[in-house]
Amino acid sequence: MHLSDPRFLTTPRGRFAWREGGDPEGAPVVMIHGWPESSYCWEHVAGYLKAGLRIIAPDLRGLGDSERTPGKNHYHKAELAQDVIAMLDALELERFQLVGHDWGGIVAQEVALAIPARVSQMVIMNIAIINNLKGNLEVIEKVRAGSSSAYWYQHFLQTPGLPEAMIPGAEEPWLRHFLRTWSDKGFPEDAIAEYVRTFKIADTPGASANYYRTFNDDAKRWASLAGHHWPMPSLYIYGNKDTVIIPAYLNHIEDCFEQIDVVQIEAAHFLQEEQPEKVAGHMNDFLQAN
């Protein structure tokens with residue numbers, strides 16, 4: 001199973017790219033990428049997924065081949081979720097299973113929050129659970145008590161004008177820093193080439209930085225979700241050598257779900273590209289195929 005080249009949809013919210021793979025008549029699985037990647041991040045996992053699944057992998061606004069929209073308000077995670085929902089409506093997907101990694105895991109949670117009746121199952125990978133106020137506060141305390149040097153890039157990206165001035169022309173070394181140093185066993189060169197290609201699209205540095213420029217406002221909103229419980233069966237797949245999404249993020253997440261299983265893989269942040277066969281194996285055990 002492989003993913004298609006990018007396809008395009010024009011919705012009332014804008015023009016977005018997406019990839020498809022698997023059985024066109026299979027059970028829909030919506031797979032959402034994170035930063036600084038694109039829908040291509042699922043290409044290697046797709047090769048190990050079982051038959052009977054239809055993969056729908058959108059490119060989020062500002063990344064991949066989707067539109068680069070000026071103005072940071074478009075990049076609040078609830079707004080990005082509405083982009084995904086608009087795409088799924090255009091594709092006439094009423095009910096689906098949902099997978100998200102990194103910021104895509106946050107967007108997946110926002111989708112599940114907005115339209116829970118349409119999400120039959122959810123898989124989250126290496127990102128915070130937005131209603132886990134207790135656990136996320138413990139992470140903040142742990143980071144403040146030690147060195148926060150691993151998070152330097154977030155401050156860089158939040159600085160007005162700096163990414164726009166410094167990243168253009170240096171897209172490959174910029175991306176290689178994260179894709180290689182945030183991996184434990186290497187990173188596929190075909191994926192690096194794809195992300196370099198899309199990062200060279202005009203206005204990508206600023207659009208991608210807006211994912212971090214909106215973070216503080218997003219976090220204030222998530223603080224109101226402490227009493228929420230995800231109703232759909234869920235799976236958390238965790239690369240246990242991640243230096244940014246540290247193990248403390250797992251604290252108390254069982255209190256946030258009606259049903260949650262947590263599995264660990266010997267991998268760092270980009271586990272779906274570092275260990276695609278193992279990631280797909282856990283998905284195959286959990287996802288329902290036609």
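The structure under discussion appears in the preceding block.
Residues numbered from 1 in each chain as written. Predicted model: local features only at pLDDT ≥ 70, side-chain atom pairs only at ≥ 80, totals over all residues. Heavy atoms only, no water.

1. Thoughts on the side chain of Thr198
Consideration 1: Within the element layout of this structure, Thr198 appears in helix 8 (residues 189-199).
Consideration 2: Given the relative accessible area of 2%, Thr198 is considered buried.
Consideration 3: Ignoring sequence-local partners within four residues, the contact set of Thr198 consists of Gly64, Asp65, Arg68 and Thr204. (Helix = DSSP H or I, 4+ residues; strand = E, 2+ residues; numbered from the N terminus. Buried < 20%, exposed > 50% of the residue type's maximum accessible area, 1.4 Å probe, protein only. Contact = heavy atoms within 4.5 Å.)

2. So, a nonpolar patch on the surface
Consideration 1: There is a patch of nonpolar side chains on the surface, built from Leu133, Leu137 and Ile140 and spanning about 220 Å² of accessible area.
Consideration 2: On the secondary structure map, Ile140 appears in helix 4 (residues 133-145). (Patch = residues over 30% accessible without salt bridge, like charges linked within 9 Å, V, L, I, M, F, W, Y side chains within 5 Å. Areas by Shrake-Rupley, 256 points an atom, 1.4 Å probe, with all protein chains shown as cover. Salt bridge = Lys/Arg side-chain N within 4 Å of Asp/Glu carboxyl O.)

3. Looking at the layout of surface pockets
Consideration 1: Here the largest pocket is characterised by a volume of approximately 930 Å³.
Consideration 2: Elements that contribute at least two residues to the lining of the largest pocket include exactly helix 3 (103-114), helix 4, helix 5 (152-158) and helix 10 (215-222).
Consideration 3: Examining the composition of the lining of the largest pocket, we find that seven residues originate from one element, helix 4, more than from any other. (1 Å grid on protein atoms, 1.4 Å probe; cavity = no way out; pocket = protein on both sides within 12 Å on 5 of 7 lines; lining within 4 Å. Points joined across faces, edges and corners; volume = space filled by probe spheres on them.)

4. Points about the pairing of strand 1 (residues 7-11)
Consideration 1: In terms of strand pairing, strand 1 meets strand 2 (residues 14-22) through five bridges, oriented antiparallel. Across the sheet, the residue bridging to Arg7 is Trp18, located in strand 2.
Consideration 2: Between the antiparallel neighbours strand 1 and strand 2 lie two residues. (Pairing = 2+ DSSP bridges.)

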